[in-house]
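Each chain is listed here by its residues.
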Amino acid sequence: MRRISWRIILAAALLMSSLVRASADDGAIIDRWYSALLVADRTELSELLADDVRMKLDDIGVVQTKQEFIASIDEWQGAVAGAAIRHRIEKSENGETTVLACYDFPSSDTLMRETFTVAGGRIVASTQTAVAQDCSGY
């Protein structure tokens, strides 16, 4: 039996450490996203989005650019007043993070599955799909 080189073990440990760190960084970006979304913070949302981001809203068949998304924040700000957003990461790997999010509006709630692709500390793609018309499955 061959002995495993300490260099291979060290390289594997460093790789795992960088993957865990990247996943944690993506989680921090996702947390910032939902915090900014809840208060309709255009500046923070704009900083989190890459210039060439594509925001796909599966349920209504819309794909928005960064500029279109930021322009829609005025309407969103009225809708999110008095709301809460709870989210939890279901999985995160290779720069893609899948989140289960409960949008708890004053008059209704909606459960969404959202997938974010993060690169260079910014969201480069997002897909949002409704899971249920209430958050009982959260």
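Calculation criteria
Residues numbered from 1 in each chain as written. Predicted model: local features only at pLDDT ≥ 70, side-chain atom pairs only at ≥ 80, totals over all residues. Heavy atoms only, no water. Helix = DSSP H or I, 4+ residues; strand = E, 2+ residues; numbered from the N terminus. Buried < 20%, exposed > 50% of the residue type's maximum accessible area, 1.4 Å probe, protein only. Polar contact = N/O pair within 3.5 Å; in protein donor to acceptor, adjacent residues only side chain to side chain. Contact = heavy atoms within 4.5 Å. Pairing = 2+ DSSP bridges. Phe/Tyr/Trp six-rings, centres within 6.5 Å; stacked < 30°, edge-to-face > 60°. Lys NZ or Arg CZ within 6 Å of the ring centre and 35° of its normal. Lys, Arg positive; Asp, Glu negative; His and termini not counted. Salt bridge = Lys/Arg side-chain N within 4 Å of Asp/Glu carboxyl O.

**Some thoughts on the side chain of T97**
Assignment of secondary structure puts T97 in strand β4 (residues 96-104). Residue classification places T97 among the buried residues on the basis of a relative accessible area of 1%. A polar atom in the side chain of T97 sits 2.9 Å from the side chain of S92. Residues in contact with T97, not counting those within four places in the same chain, are D26, I30, I89, K91, S92, E114, T115 and F116.

**Details of the pairing of strand β3 (residues 84-93)**
The side chains of a regular strand alternate, residue by residue, between the two faces of the sheet. In this structure, β3 lies alongside β4, joined through nine bridges in antiparallel fashion. Pairing of I85 across the sheet is with Y103, part of β4. As consecutive antiparallel partners, β3 and β4 are separated by two residues, and within that stretch N94 has a phi angle of approximately 50 degrees, a positive value.

**Examining the packing of aromatic side chains**
To describe a pair of aromatic rings, you give the distance between the ring centres and the angle between the ring planes. Across all of its chains, the model carries six aromatic pairs by this definition. Taking the ring centre of Y138 as reference, the NZ or CZ of R88 above it sits at 4.5 Å.

**Quick look at the side chain of D26**
Within the element layout of this structure, D26 appears in helix α1 (residues 6-38). Of the buried charged residues, D26 lacks a salt bridge, with R32 as the closest side chain of opposite charge at 10 Å. Setting aside anything within four residues of it in sequence, one finds D26 in contact with S92, G95, T97 and V118.

**Section: the pattern of salt bridges**
Close approach of charged atoms lets side chains of opposite charge pair. Scanning all chains against the criterion turns up five salt bridges. Taking the shortest distance from any N to any O, the salt bridge between E44 and R32 comes out at 2.7 Å. Residue E44 is found in helix α2 (residues 42-48), and its partner R32 is found in helix α1; the two are separated by twelve residues along the sequence. The closest approach of N and O atoms between D74 and R42, which form a salt bridge, is 2.1 Å. Taken together, the residues span a long stretch of sequence, with D74 in helix α4 (residues 73-80) and R42 in helix α2 at a distance of 32 residues. Judged by relative accessible area, D74 falls into the exposed class, the value being 52%.

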